[in-house]
Amino acid sequence: MKYIVVIVVLLLFILLFKKAAGTLKLNKINVISFVFYSLLFFEVVGMCLIFLGYNNHYLIQKISNKNIIEPAFYSFAYTILSLPLTIYLFNKYIYKIDDVEKEYNNNIEKKVVLENQDRRNRIFICVLIGLLVSLLTTIYVFKCIGYVPLFKYFDNNFNFSIARIENSRNFIGNEYIKNIFMSLLTPLYSYISYIYYKTSNEKKWKILFIISFVLSIFTKTYNFEKAPLIYFICYFFLIKVLLGETSKLKKILPFVLTAIILIISSYIIIGNYQGNILTLSSGPLSRIFMTQAGTLLLHFDAFPVYINYLHGSSFSKIFALIFGTGKTFGVRSGRLLMECYNKNAILNGTGGVMSTMFLGEAYANFGIYGILFSPILVGIIFSSIFCIYLKNKKTPLNMTLYIESLIIFTTVLQAGFVDFIYNVSFVVIFLVIFAIKFISFFSFKLGGKNHV
């Protein structure tokens, strides 16, 4: 019976996302199909295997009440089916896009609308100034850390596990400077310069892109996490999709091979992993297919038996008027799980958070109501990102905003529910892109000329 349930859920999962995204082809990937593949690899495979009886994984063995596996799976099934259904309904009835695939294909085939030379020059200056600020910020961060993290990859005696936590959670400098001007904005300038380089063929944009790309590699490796650098490189493939440069499937092979090489090498170099890379109980395949699923189940195991429901405590303090002032805010469920199931890692300085899909934090905060309403809210957000992009002019800055929105919200898809409601990163990115547009337009108007 369980096998029939799994087959039905998988078929509906694929069909609904196909309707919502228009296409699931990798060479025409969009924000909706990206969500599909993210859920498929990081949760769906693992949850189905666990539901069918697979338990040879350390996180599954930590579950104290195995009876929660079945209701947790059905809650998960509801989430992964109602999410694409919500997206489909909003695409069709709110944004009035009947044929998403046709609309997306038309967008891919459109030429990018470039500003005229004067306005483009002002945008270049804005990006150049921003990149210089990012460079200074990166130097400041590395000075606070005491070394250049990228160079430590070649030090066999370096403890990456402790350094990861120290650089992420115990940074001695200003967190806002590090998180915004270095980690968030440096890749943004790389994406902007790359799109302008590919569409304008101007040498100055090519040089700016090379500089920003190299700097981004340094910033993406500052805390020795495996995923950020891999994703950063792969996101350029998404840009190539938007530019219509991936019409043939063979053109995606370099990106796939690069991702595989980076994943395996990161486990060998950073994690000092020496086991079987093809097993689901440990190593890279375990991390991809099983860890997020296991952590999701631990949410259902811990709340509310070992940890009380958070009732909105995962939100920031600005929501105090909604959830009440007499509580601690900014409490992430993944951190509480780490303290509950792996306290030794906290004590020895190697424990961070146990992340999983947004359903985990939604349930930890609001119980059954979190399960019911979180996929609907998340679906609305992803539908809005996709449809608003399709309905706007195809300019480099609009493309960048779409790519950054995709990056931010598909990242928090595997991090936490509250980030879909209040996301500082998205606000900052939106304001920076808006400021670049405004400055270029405003300066141009002062010159008494017409803008493009």
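Given the structure is predicted, the values throughout are model-derived calculations rather than measurements.

## Quick word on the overall build of the protein chain
When you go through the protein chain residue by residue, the secondary structure sums to 21 helices and zero strands. In terms of overall dimensions, the protein chain has a C-alpha envelope of 70 × 55 × 50 Å along the principal axes. In the protein chain, which comprises 452 residues, the proportion classed as buried is 52%. Pairs at least 24 residues apart make up 75% of the contacts formed inside the protein chain by residues separated by at least 6 positions. For the protein chain, the computed accessible surface area is about 21,000 Å², with 65% contributed by carbon and sulfur atoms.

## Quick notes on the pattern of salt bridges
On inspection of all chains with the given rule, the structure shows eight salt bridges. The residue Lys-240 makes a salt bridge to Glu-245 at a minimum N-O spacing of 2.9 Å. Exposure remark for Lys-240: the relative accessible area of 18% places this residue in the buried category. Classification of Glu-245 as partly exposed rests on a relative accessible area of 22%. Note that Arg-335 is salt-bridged to Glu-339, the shortest N-O span being 4.0 Å. Here Glu-339 and Arg-335 lie together in helix 15 (residues 333-341), a separation of four residues that amounts to about one turn. Via salt bridges that share partners, Lys-198, Lys-240 and Glu-245 belong to a single interconnected network.

## A few points about the nonpolar core
Soluble, globular proteins show a tendency: their nonpolar side chains are buried together. Phe-17, Ile-32, Leu-39, Phe-303, Phe-382, Tyr-402 and Phe-420 are the most contacted members of the largest nonpolar core, which totals 122 residues. Of the residues forming this core, the biggest block, 12 residues, is contributed by helix 2 (residues 31-51). Discounting residues that sit within four places of it in the chain, Leu-39 has contacts with Phe-13, Phe-17, Val-44, Ile-80, Leu-83, Met-357, Leu-413 and Gln-414. One finds Val-141, Phe-142, Phe-160 and Phe-224 within the second-largest nonpolar core, a separate group that totals 13 residues.

## Description of a nonpolar patch on the surface
There is a patch of nonpolar side chains on the surface, built from Val-427, Phe-430, Leu-431, Phe-434, Phe-438, Ile-439 and Phe-442 and spanning about 660 Å² of accessible area. Its location among the elements puts Phe-430 in helix 21 (residues 424-446).

## Quick notes on the confidence of the model for the protein chain
Taken as a whole, the protein chain shows an average pLDDT of 89; of its residues, 91% reach a score of 70 or greater. Mean pLDDT across the secondary structure elements of the protein chain bottoms out at helix 11 (residues 253-269), with 67, and peaks at helix 4 (residues 69-94), with 98. Here residues 444-452 is modelled with pLDDT under 50, and outside its nearest four sequence neighbours on either side it reaches 15 contacts, counting other chains as well.

## A look at unusual backbone geometry
With an omega of -5 degrees, the peptide bond running from Phe-303 to Pro-304 counts as cis. Its place among the elements puts Pro-304 in the loop between helix 13 (291-302) and helix 14 (320-323). Positive phi is not limited to glycine here, since Lys-96 has a value of about 60 degrees. Take Lys-96: it is sitting in the loop between helix 4 and helix 5 (100-109). On the accessibility criterion, Lys-96 (60% relative accessible area) is exposed. In this structure, Asn-201 is a non-glycine residue whose phi angle is positive, near 60 degrees. Take Asn-201: it is sitting in the loop between helix 8 (175-200) and helix 9 (203-220). On the accessibility criterion, Asn-201 (65% relative accessible area) is exposed.

## Topic: the environment of Asn-398
Mapping Asn-398 onto the fold places it in helix 19 (residues 396-412). With a relative accessible area of 15%, Asn-398 lands in the buried category. Asn-398 sits 179 residues away from Thr-219 along the chain, and the two C-alpha atoms are 24 Å apart. Those residues in contact with Asn-398, other than ones at most four positions away along the chain, are Tyr-389, Asn-392, Lys-393 and Lys-437.

## Details of the packing of aromatic side chains
Summed over all chains, the structure comprises 39 aromatic pairs. Their ring planes at 15 degrees and their centres at 6.3 Å tell us that Phe-434 and Phe-438 sit as a pair that is stacked. With Phe-434 and Phe-438 both in helix 21 and four residues apart, the pair spans about one turn of that helix. Aromatic rings pair up to connect Phe-358, Phe-382, Phe-409, Phe-420, Phe-426, Phe-430, Phe-434 and Phe-438 into one cluster. The ring centre of Phe-51 lies 5.0 Å from the NZ or CZ of Lys-2, which sits over that ring. When the ring centre of Tyr-147 is taken as origin, the NZ or CZ atom of Lys-152, which lies over that ring, is 5.3 Å away.

Calculation criteria
- Residues numbered from 1 in each chain as written.
- Predicted model: local features only at pLDDT ≥ 70, side-chain atom pairs only at ≥ 80, totals over all residues.
- Heavy atoms only, no water.
- Helix = DSSP H or I, 4+ residues; strand = E, 2+ residues; numbered from the N terminus.
- Buried < 20%, exposed > 50% of the residue type's maximum accessible area, 1.4 Å probe, protein only.
- Contact = heavy atoms within 4.5 Å.
- Areas by Shrake-Rupley, 256 points an atom, 1.4 Å probe, with all protein chains shown as cover.
- Salt bridge = Lys/Arg side-chain N within 4 Å of Asp/Glu carboxyl O.
- Core = buried A, V, L, I, M, F, W, Y, C linked by side-chain atoms within 4.5 Å.
- Patch = residues over 30% accessible without salt bridge, like charges linked within 9 Å, V, L, I, M, F, W, Y side chains within 5 Å.
- pLDDT = per-residue confidence, 0-100.
- Phe/Tyr/Trp six-rings, centres within 6.5 Å; stacked < 30°, edge-to-face > 60°.
- Lys NZ or Arg CZ within 6 Å of the ring centre and 35° of its normal.

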